[in-house]
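Letter by letter, the chains look like this.
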Amino acid sequence: MPDNAIYYQMAYAATIVLYAGYALTIRIRRRALERRAARAARAARAAQAERTAVPPSSP
Amino acid sequence: MPETSAAPRRPFDWFALLAVAVTAAAYVRAIWFTPPEMLQGYAQKILYVHAPSAWVAFLAFGLTALAGAFWLFLRDPRLDRFAESSAEVGVVFTTAVLVSGPLWAKPIWGTWWTWDARLTLTLFLWFVYLGYLVLRGVIPERDARARLSAVLGILGALLVPFIHLSVYLFRTMHPMPVVANPDGFQMPPVMVKTFFFAFFAFTLLYAALVRARYAFATDRDALEATLDATPDGGR
């Protein structure tokens, strides 16, 4: 039997890295989306507060 | 607690955990509980990741085309999101095919790559769907993006039957199917069981990855719709 186990070990390692890496990219993109949503919500709240603020009365 | 409803934190995904566990079990069975083949040696074990990855890639692109075709009639954004998700996962599985194939070819054929019909068509398929993802990235307008990518998704999937039949249509170095063969299974039962278990595991992994990618696309579209609705675009 030929001694070529290294090729199948490399193939298995490569596929595991590929699939796990892809799953990780989904997770990273999801986190970035959550941060973006949080920023947008903060900006919306700030704009709302600015609109509803009572202007200072003139002397 | 999330500050907006546009990208809520999702609960723990038990389906993804199941898919990972089953896929890990398939690797364990292939490595430790399946004997190597006498003539090819341990390199033959690449079959248990190579063929299931190819099956999943074909399934992914077939479903991308189907979702795209339905989108053209129904204009349902969920179909476009599914097509996008399935195509992306399909590209990942095709990459696995294109990486594991040469690692199998080198010890058996004596070369990493040959411009054989099946290998070349698979490489073309990978380029077509890579182009599909690039196309989606450069068209900002939603309807045009969905329409053009649906058409490309359908045309790209036409390569799949050619790839499957290439071993019959062309003179090729790639071996004939060992399981879907008119003469019956060309492997001992223990290898056939591992083979089908790997098919099942990789299909489950595909479903879990598409599910996660689809959830991301749904939340991204919801956030973009929210930002589009605000006067300053959420800035």
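Structure shown above.
Residues numbered from 1 in each chain as written. Chains lettered and ligands numbered in written order. Predicted model: local features only at pLDDT ≥ 70, side-chain atom pairs only at ≥ 80, totals over all residues. Heavy atoms only, no water.

Asker: Explain the pattern of salt bridges here, please?
Answerer: Applying the stated rule across the entire model yields 15 salt bridges over all chains. We note a salt bridge from Arg29 of chain A to Glu88 of chain B, for which the minimum N-O separation is 2.7 Å. Of this pair, Arg29 of chain A sits in helix H1 (residues 5–52) while Glu88 of chain B sits in helix H3 (residues 77–109), on two different chains. Look at Arg29 of chain A and you get partly exposed, because its relative accessible area is 26%. Judged by its relative accessible area of 11%, Glu88 of chain B is buried. As a salt-bridge pair, Glu34 of chain A and Arg31 of chain A come within 3.9 Å of each other at their nearest N and O atoms. With Glu34 of chain A and Arg31 of chain A both in helix H1 and 3 residues apart, this pair spans about one turn of that helix. Using a relative accessible area of 13% as the deciding quantity, one classes Glu34 of chain A as buried. In this structure Arg31 of chain A comes out as partly exposed when scored by relative accessible area, which is 36%. Each of Arg29 of chain A together with Asp80, Arg81, Glu84, Glu88, Arg136, Arg213, Arg220 and Asp221 of chain B takes part in a single network of salt bridges with overlapping partners. (Salt bridge = Lys/Arg side-chain N within 4 Å of Asp/Glu carboxyl O. Helix = DSSP H or I, 4+ residues; strand = E, 2+ residues; numbered from the N terminus. Buried < 20%, exposed > 50% of the residue type's maximum accessible area, 1.4 Å probe, protein only.)

Asker: Mind showing me how you'd approach a nonpolar patch on the surface here?
Answerer: Residues Phe162, Leu165, Tyr168, Leu169, Phe170 and Met176 of chain B make up a contiguous nonpolar surface patch of roughly 600 Å² in combined accessible area. Structurally, the position occupied by Leu165 of chain B is in helix H6 (residues 159–169). (Patch = residues over 30% accessible without salt bridge, like charges linked within 9 Å, V, L, I, M, F, W, Y side chains within 5 Å. Areas by Shrake-Rupley, 256 points an atom, 1.4 Å probe, with all protein chains shown as cover.)

Asker: What's the story with the interface of chain B and chain A in this structure? I'm lost.
Answerer: How large an interface is tends to be reported as the accessible area lost when its parts come together. Taken together, the 50 residues of chain B in the interface contact 30 residues of chain A. Taken together, both faces of the contact between chain B and chain A bury some 3400 Å²; the carbon and sulfur share is 70%. Applying the counting criterion to the chain B and chain A interface returns 2 salt bridges. The salt bridge involving Asp219 of chain B is made with Arg30 of chain A; its shortest N-O contact spans 2.4 Å. In this structure, the connection of chain B to chain A is made through 9 residue pairs in polar contact (both at pLDDT 80 or more). Contributing elements (two or more residues each) for the side of chain B that touches chain A: helix H1 (14–32), helix H2 (47–74), H3 and helix H7 (189–229) of chain B. Grouping the amino acids of the side of chain B that touches chain A by side-chain chemistry returns 31 nonpolar, 7 polar and 12 charged. (Contact = heavy atoms within 4.5 Å. Buried area = accessible area lost by both parts, 1.4 Å probe. Polar contact = N/O pair within 3.5 Å; in protein donor to acceptor, adjacent residues only side chain to side chain. Nonpolar A, V, L, I, M, F, W, Y, C, P; charged D, E, K, R; others polar.)

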